[in-house]
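Chains, contacts and geometry: an overview
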Amino acid sequence: MDFAQLLISGLANGCVYGLIALGFVLIYKATEAINFAQGDMMMLGAFITLALTNDNHMGLPFIPSVLIAIAVMAVFGYLLDALMLRHVFGQPQIAVVILTIAIGYIIRFGAGLIWGHEPQSLHSPLAGQDITIAGIALGLDEIAVIIVTILLTGFLYGFFAHTRTGIAIQAASQNQLAAYYMGVPVRRVYSLVWGLSGVVAAIAGVLFASKGSIDPNTGLLGIKAFAAAVIGGFGSLPGALLGGLIVGVIEPFASRYGPSGYAQIAPYLLLVLVLVFRPHGLLPQVQQKKV
Amino acid sequence: MSTPLLQVDNLESYYGPVLAIRGVSLSVESGQIVSVLGANGAGKTTLLKTLSGVMNPEKGSVSLNGDTLTGLPPEQVVARGVIHVPEGREIFPLLSVADNLAMGAFLRRDRDAIARDHEMVLDYFPVLRERLAQAAGTLSGGQQQMLAIGRGLMANPRIMLLDEPSLGLSPRLVGEIFDIIKRLNTEQGVTLMLVEQNARVALSIAHHAYVMELGRVVMSDSAEKMRQSRDIQQFYLGEQEDGVRGQRRWKARKTWR
Ligand SMILES: Nc1ncnc2c1ncn2[C@@H]1O[C@H](COP(=O)(O)OP(=O)(O)OP(=O)(O)O)[C@@H](O)[C@H]1O
Ligand SMILES: [Mg+2]
């Protein structure tokens, strides 16, 4: 029963890592940029929700607050690309990397200015409640995280497989030039992908904050999610989720059964092993991208 | 004379400092197949890229039915009815054949007409019908070329810019594809600008032809006359005895421009 609790809590953490990793991969697949501010966007989404719903702030109902935060982060992601990233389009990768790192710093700084540096908890209806299944007490928040992640994954799958915009995003990522030839407004599509990754970040943020407290540096766990994305095979959406789940599950087990202090390093140890033995990750991209 | 469907005047395009096309002028009448011939590096692909708006010309103008296209982004050029079927097929490798075709109709909203065109494309290219769910990257080269043309047709274009459809295909398959191109022209009234190195097969279906060399149009005539031209026969229809001498003589004839 200890095992089941560890597993569920690991999976719940893993879902959050997986969603942040998904944000990385979404942007990378479509635009070949790596958004090192993805974790900070998650943190921002969480704080916006907190500011809308917590009693000591605006005190709005929970669900509308979440929806507003998602919408705000969608616009934020879209504008980030349209106003900033688009200008370094075609510059060397490193310019994009530095720019997103700088954006991450700015988001952390801004969040600190507005909400302070003390850890705060999101007043979520899920927090602190347990349900008992077959004699095992499980956190409702953790179950909810897993369910929401499954739903979001299904939604994203449907979006990419069946909608005109989703297929156009895939097309632009597989063959940018041909997408132009077909009349796809490729730049706008890229901004849409940034908007979508803002949505995913906001949801990941709300899920994360439902399980514990947040502060402006929370987004730094994006690095762990980045490792998860690489483990899964950067460029593969299912791989990103899988990598996140693996990292999430490894941590509690390593801290429970491994030598002390081992838990922090476990994901990176795994990263090294994967990179050595499967350099393209666990679920590599099916085919090299055509540039 | 009525205004041509596509009118290109004095077009110049650069790659960085390299001037790739140098003042190209030509026109395409509605309902015709106009072929642009030329050796490697003559600037044919650059011309098409400039027409479809993925490259911006430094000088010159392009107009479709009198409306200027110069400077428009590709999506607006496509929306006005110019579709580019690129050299080397450039299909979307991981999308299914059906989704590739759907991408051709990306800017269209007329569902019924799209469904009709989808059927029309599959009637012309039956091999695609059997493979609608297959990933396009797993098609053979010839099938990919058919898909690329079919995808272009899905845009319901007023003019299709077709770049070297014969590239890398067996002579039999080239014949098959050109038969279909000809039928599309006569049966569906598709206007085509057909870029080719394979002059023999291009001239066999074209109404008019231009010859490009080093970024310039050096010859313009009806396909009929071109077929009979000694120079074309010598330099493009494989009747020259040795290529080096041929090359030299072709250069000596640059007075055409
Ligand atoms: N991306 C590029 N950057 C720089 N120069 C280029 C680029 N693409 C083409 N060129 C140059 O422009 C000129 C015209 O090239 P283009 O591709 O238009 O020729 P082409 O007639 O289509 O040849 P082919 O029959 O081999 O396809 C060539 O000299 C080529 O080297
Ligand atoms: Mg070419």
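A quick note: this is a predicted structure, and the numbers were derived from the prediction, not measured.

Considering the overall build of chain B
A tally of helices and strands in chain B yields 11 helices and 10 strands. Of the contacts made within chain B by residues no fewer than 6 positions apart, 67% connect residues no fewer than 24 positions apart.

Observations regarding the interface of chain A and chain B
With 20 residues of chain A in contact, the opposing surface of chain B contributes 22 residues. Surface buried jointly by chain A and chain B totals about 2,100 Å² across both partners, of which 67% is contributed by carbon and sulfur atoms. Its largest share of buried area at the contact with chain B, chain A owes to Arg164(A), Tyr181(A) and Met182(A), together 38% of the area lost on that side. The tally of links from chain A across to chain B stands at zero salt bridges. The tally of links between chain A and chain B comes to five residue pairs in polar contact (both at pLDDT 80 or more). Counting residues per element, the ones that place at least two in the side of chain A that touches chain B are α6 (164–174) and α7 (176–181) of chain A.

With respect to the environment of Ala127(A)
Along the chain, the position of Ala127(A) falls in the loop between β1 (120–121) and β2 (130–133). On the basis of relative accessibility, which here comes to 35%, the residue Ala127(A) falls in the partly exposed class.

A look at helix α1 (residues 44–52) of chain B
Counting buried positions along α1(B) yields seven of nine residues, so the element is predominantly enclosed. Immediately downstream of α1(B), the backbone of Gly53(B) shows phi near 90°, a positive value.

A look at the pairing of strand β3 (residues 136–139) of chain A
Where β2(A) meets β3(A), four bridges bridge the pair, whose relative direction is antiparallel. Counterpart to Ile133(A) in the pairing with β3(A) is Ile136(A).

Side note on the confidence of the model for chain B
Residues and elements named next belong to chain B. Per-residue confidence for chain B gives a mean pLDDT of 90, with 90% of residues at or over 70. Of all helices and strands in chain B, the one with the weakest mean pLDDT is helix α11 (residues 243–252) (43), whereas helix α3 (residues 97–104) scores best (98). Note on residues 239–257: pLDDT under 50 across the span, and 24 contacts to partners over four residues away in sequence or across chains. Predicted complex metrics record ipTM = 0.90 and pTM = 0.89.

Considering the sheet that holds strand β5 (residues 67–68) of chain B
All names here are of chain B. Strand order in the open sheet formed by four strands is β2-β1-β4-β5, and the pairing between neighbours is antiparallel. Across the chains shown, the open sheet's two edge strands, defined by having one partner strand only, are β2 (18–28) and β5. Sheet topology places strand β1 (residues 6–15) next to β2; eight bridges connect them, and they run antiparallel. Bridge pairing in β2 links Tyr14 to Leu19. The sheet strands contacting α1 are β1, β2 and β4 (59–64), and the helix crosses β1 at an angle near 110°.

A word on the coordination of the magnesium ion (ligand 2)
Summarising the metal site, the magnesium ion (ligand 2) is bound by the protein donors Thr45(B) (OG1) and Glu87(B) (OE), whose distances to it range over 1.9 to 2.3 Å. Placement of the pair is Thr45(B) in helix α1 and Glu87(B) in the loop between β6 (82–85) and α3, with a sequence separation of 42 residues.

Brief notes about the domain arrangement of chain B
All names here are of chain B. Structurally, chain B comprises domain 1 (6–81 + 157–252) and domain 2 (95–154). Taken together, the contact pairs 19 residues of domain 1 with 11 residues of domain 2. Both sides of the domain 1 and domain 2 interface together cover about 1,200 Å² of buried area, and 79% of this is carbon and sulfur. At the boundary of domain 1 and domain 2, one finds zero salt bridges.

Thoughts on a nonpolar patch on the surface
Taken together, the side chains of Ile94(A), Ile98(A), Ile101(A), Tyr105(A) and Ile106(A) present a nonpolar region at the surface, about 530 Å² in accessible area. Tracing the backbone through its elements, the reader meets Ile98(A) in helix α4 (residues 93–115).

Digging into the site of ligand 1
Residue and element names in this part refer to chain B. Lining the immediate surroundings of ligand 1 are 13 residues, of which Asn40, Lys44, Thr45, Thr46 and Gln197 lie closest. Thr45 places a side-chain nitrogen or oxygen 2.6 Å from an oxygen atom of ligand 1. Contacts to ligand 1 include Thr46, whose side-chain N or O atom sits 2.4 Å from an oxygen atom. Coverage of ligand 1 by the protein chains reaches 62% of its 630 Å² of free accessible surface. Tallied by class, residues from the shell around ligand 1 come to four nonpolar, six polar and three charged.

As for the nonpolar core
Ranked by size, the top nonpolar core spans 148 residues in total, and within it Leu19(A), Met103(B), Phe125(B) and Ile149(B) carry the most contacts. Residue-level mapping places this core at the junction of two domains, with at least three residues from each of domain 1 (6–81 + 157–252) and domain 2 (95–154) of chain B. Sequence-distant contacts of Leu19(A), defined by excluding residues within four places in its chain, comprise Thr149(A), Leu152(A), Val200(A), Ile203(A), Ala204(A), Leu207(A) and Leu241(A). By size, the runner-up hydrophobic cluster in this structure holds 27 residues, among which are Val34(B), Leu51(B), Leu72(B) and Leu161(B).

Looking at the pattern of salt bridges
Residues and elements named next belong to chain B. Per the counting criterion, the structure on display carries 12 salt bridges over all chains. Measuring nitrogen to oxygen at the nearest pair gives 3.3 Å for the salt bridge that ties Arg129 to Glu119. With Arg129 in helix α5 (residues 126–129) and Glu119 in helix α4 (residues 111–124), this residue pair connects regions lying 10 residues apart in the sequence. Under the relative-accessibility criterion, Arg129 is labelled partly exposed at 36%. Overall, the relative accessible area of 37% leaves Glu119 in the partly exposed class. Salt bridges here are not isolated pairs; linked through shared partners, they connect Arg108, Asp110 and Asp117.

Re the packing of helix α1 (residues 2–31) of chain A against helix α9 (residues 222–232) of chain A
Residue and element names in this part refer to chain A. Axis separation between α1 and α9 bottoms out at 8 Å; the angle between their running directions is 70°. If you check the angle between α1 and α9, you find them roughly perpendicular. Only Gly222, Lys224, Ala225, Phe226, Ala228 and Ala229 of α9 make contact with α1, whose side of the interface consists of Tyr17, Ile20, Ala21, Phe24 and Val25. Here the contact of α1 with α9 is composed, by residue class, of nine nonpolar, one polar and one charged.

Criteria and thresholds
Residues numbered from 1 in each chain as written. Chains lettered and ligands numbered in written order. Predicted model: local features only at pLDDT ≥ 70, side-chain atom pairs only at ≥ 80, totals over all residues. Heavy atoms only, no water. Helix = DSSP H or I, 4+ residues; strand = E, 2+ residues; numbered from the N terminus. Contact = heavy atoms within 4.5 Å. Buried area = accessible area lost by both parts, 1.4 Å probe. Salt bridge = Lys/Arg side-chain N within 4 Å of Asp/Glu carboxyl O. Polar contact = N/O pair within 3.5 Å; in protein donor to acceptor, adjacent residues only side chain to side chain. Buried < 20%, exposed > 50% of the residue type's maximum accessible area, 1.4 Å probe, protein only. Pairing = 2+ DSSP bridges. pLDDT = per-residue confidence, 0-100. Axes fitted to C-alpha atoms, helices over the stretch in contact; angles between N-to-C directions. Donors = N, O, S within 2.8 Å, 3.2 Å for Na, K, Ca; no water. Domains from an automatic or database assignment. Patch = residues over 30% accessible without salt bridge, like charges linked within 9 Å, V, L, I, M, F, W, Y side chains within 5 Å. Areas by Shrake-Rupley, 256 points an atom, 1.4 Å probe, with all protein chains shown as cover. Near = heavy atom within 4 Å. Nonpolar A, V, L, I, M, F, W, Y, C, P; charged D, E, K, R; others polar. Core = buried A, V, L, I, M, F, W, Y, C linked by side-chain atoms within 4.5 Å. Parallel < 35°, antiparallel > 145°, perpendicular 65-115°, else oblique.

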